[in-house]
Amino acid sequence: MRRILEREIMDDEEQAIAYARADFSSSNQTFVDMLVENYSVRLKNVLDIGCGPADVPIRLVRARPTISVTAVDASDAMIQLARKAVSDAGLTKKIEVLKERVPALAQKNRNYDAIISKDLLHHLPDAMVFWKEVKSLAKEETVIYVMDLFRPPTKQEARDIVESVSAAEAPILKQDFYNSLLAAFTVDEIEDQLHEAGLSLEVAEVSERHLLAKGLITGAQ
Ligand SMILES: C[S@@+](CC[C@H](N)C(=O)[O-])C[C@H]1O[C@@H](n2cnc3c(N)ncnc32)[C@H](O)[C@@H]1O
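In this text the structure is predicted, and so the values were computed from the model without any measurement. (Residues numbered from 1 in each chain as written. Predicted model: local features only at pLDDT ≥ 70, side-chain atom pairs only at ≥ 80, totals over all residues. Heavy atoms only, no water.)

J.: Looking at this structure, how should I read the sheet that holds strand E3 (residues 95-99)?
T.: In a beta sheet, neighbouring strands pair by backbone hydrogen bonds and run either parallel or antiparallel. Strand order in the open sheet formed by 7 strands is E3-E2-E1-E4-E5-E7-E6, and the pairing between neighbours is mixed. The open sheet has two free edges, formed respectively by E3 and strand E6 (202-205), since each of these has just one partner strand. Mean inter-strand twist for the sheet, computed between neighbouring axes without regard to direction, equals 15°. Summarising the sheet, strand E2 (residues 68-73) and E3 pair through 5 bridges and their orientation is parallel. If you follow Val-72 over to E3, its bridge partner there is Leu-98. With respect to the sheet, helix H4 (residues 76-88) is in contact with E2 and E3, its orientation differing from that of E3 by roughly 165°. In the packing of helix H8 (residues 187-197) onto the sheet, the strands contacted are E6 and strand E7 (210-216), and the crossing angle to E6 comes to about 170°. (Pairing = 2+ DSSP bridges. Helix = DSSP H or I, 4+ residues; strand = E, 2+ residues; numbered from the N terminus. Axes fitted to C-alpha atoms, helices over the stretch in contact; angles between N-to-C directions. Contact = heavy atoms within 4.5 Å.)

J.: Sorry if this is basic, but what is going on with the site of the ligand here?
T.: The immediate surroundings of the ligand are formed by 19 residues, with Glu-8, Gly-50, Asp-73, Val-102 and Lys-118 found nearest. The separation between an oxygen atom of the ligand and a polar main-chain atom of Met-10 is 3.1 Å. Compared with its free state, where it exposes 600 Å², the ligand has 99% of that area covered by protein. A per-class count over the shell around the ligand returns 9 nonpolar, 4 polar and 6 charged. (Near = heavy atom within 4 Å. Polar contact = N/O pair within 3.5 Å; in protein donor to acceptor, adjacent residues only side chain to side chain. Areas by Shrake-Rupley, 256 points an atom, 1.4 Å probe, with all protein chains shown as cover. Nonpolar A, V, L, I, M, F, W, Y, C, P; charged D, E, K, R; others polar.)

J.: I keep staring at helix H1 (residues 13-21) and nothing clicks. Help me out?
T.: At 3.6 residues per turn, the α-helix brings residues three or four places apart onto the same side. Every buried residue belonging to H1 is among Gln-15, Ala-16, Ala-18 and Tyr-19, and all of these are buried. Buried residues of H1, seen end-on, are gathered within an arc of 165° and therefore sit on one face of the element. Exposed positions of H1 whose direction lies more than 90 degrees from the buried face are Glu-13, Glu-14 and Arg-21. For H1, the elements touching its buried residues are H4 and helix H7 (171-183). (Buried < 20%, exposed > 50% of the residue type's maximum accessible area, 1.4 Å probe, protein only. Arc of directions from axis to C-beta.)

J.: Would you mind showing me how to read the packing of aromatic side chains here?
T.: Ring pairs (aromatic) are described by centroid distance and by the angle formed between their planes. This structure, assessed with the given rule, holds 4 aromatic pairs. A network of ring pairs unites the aromatic residues Phe-31, Tyr-39 and Tyr-145 as a single cluster. (Phe/Tyr/Trp six-rings, centres within 6.5 Å; stacked < 30°, edge-to-face > 60°.)

J.: Would you mind going over the pattern of salt bridges with me for this structure?
T.: Oppositely charged side chains can form a pair if their charged atoms are brought close together. In total, this model carries 11 salt bridges according to the counting rule given. Here Asp-11 makes a salt bridge to Arg-7, at a shortest N to O gap of 2.8 Å. Residue class for Asp-11 comes out partly exposed when judged on its relative accessible area of 41%. Note that Asp-76 is salt-bridged to Lys-99, the shortest N-O span being 3.5 Å. Here the residue Asp-76 occupies a position in helix H4, and Lys-99 occupies one in strand E3, the gap between them amounting to 23 residues. Using a relative accessible area of 45% as the deciding quantity, one classes Lys-99 as partly exposed. (Salt bridge = Lys/Arg side-chain N within 4 Å of Asp/Glu carboxyl O.)

Structure, rendered in structure tokens:
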């Protein structure tokens, strides 16, 4: 099945609220657990690109209170939800929430130990924009940790995934999820993107709907 683009920025308020209310605890916690398990000692200053309502940064700081996160998203609606969630969690000193858009994040002079992103990549018409940005922000030994949906082979399989994972969710959220699966990349496509960007990361399917690209930036890249 060919990729079908979805709307890039989640700036519709109803859509953002439905997303923030949905239960992504399982995949978000798995993402955080794997990140901490793989790279714990390296994590202090983390950049989260496409943070949405900031559930991942909150879980990350709760898992490792020594970590600070800069969380960026291009959607006003998401930024408002993220700031409220961070404030409600009492973590405003640990998580900075900024409205910024890939490309051209205003983070060039910041030193991040890790650049993370979850479920952003499939929103982008051109994923190379993201990988080039990551490469320009990364320094020697920066951890790159990017999880995203992968595109199923058929629309029917995408429908089946939506029903098995989110049958009870709001219709707007189910439609978004379906659109996201159709807009997602495959492991092969992401490997090609990384090759073109000159980034040497490991890519693998890590669940029935998510893939993960991870690794450390080295001087050779
Ligand atoms: C599906 S949400 C994922 C949110 C969060 N990472 C999570 O996993 O819960 C994708 C987010 O990426 C944001 N986004 C899309 N394109 C972006 C861009 N070019 N720059 C920054 N954020 C972007 C959207 O506004 C949306 O909030």
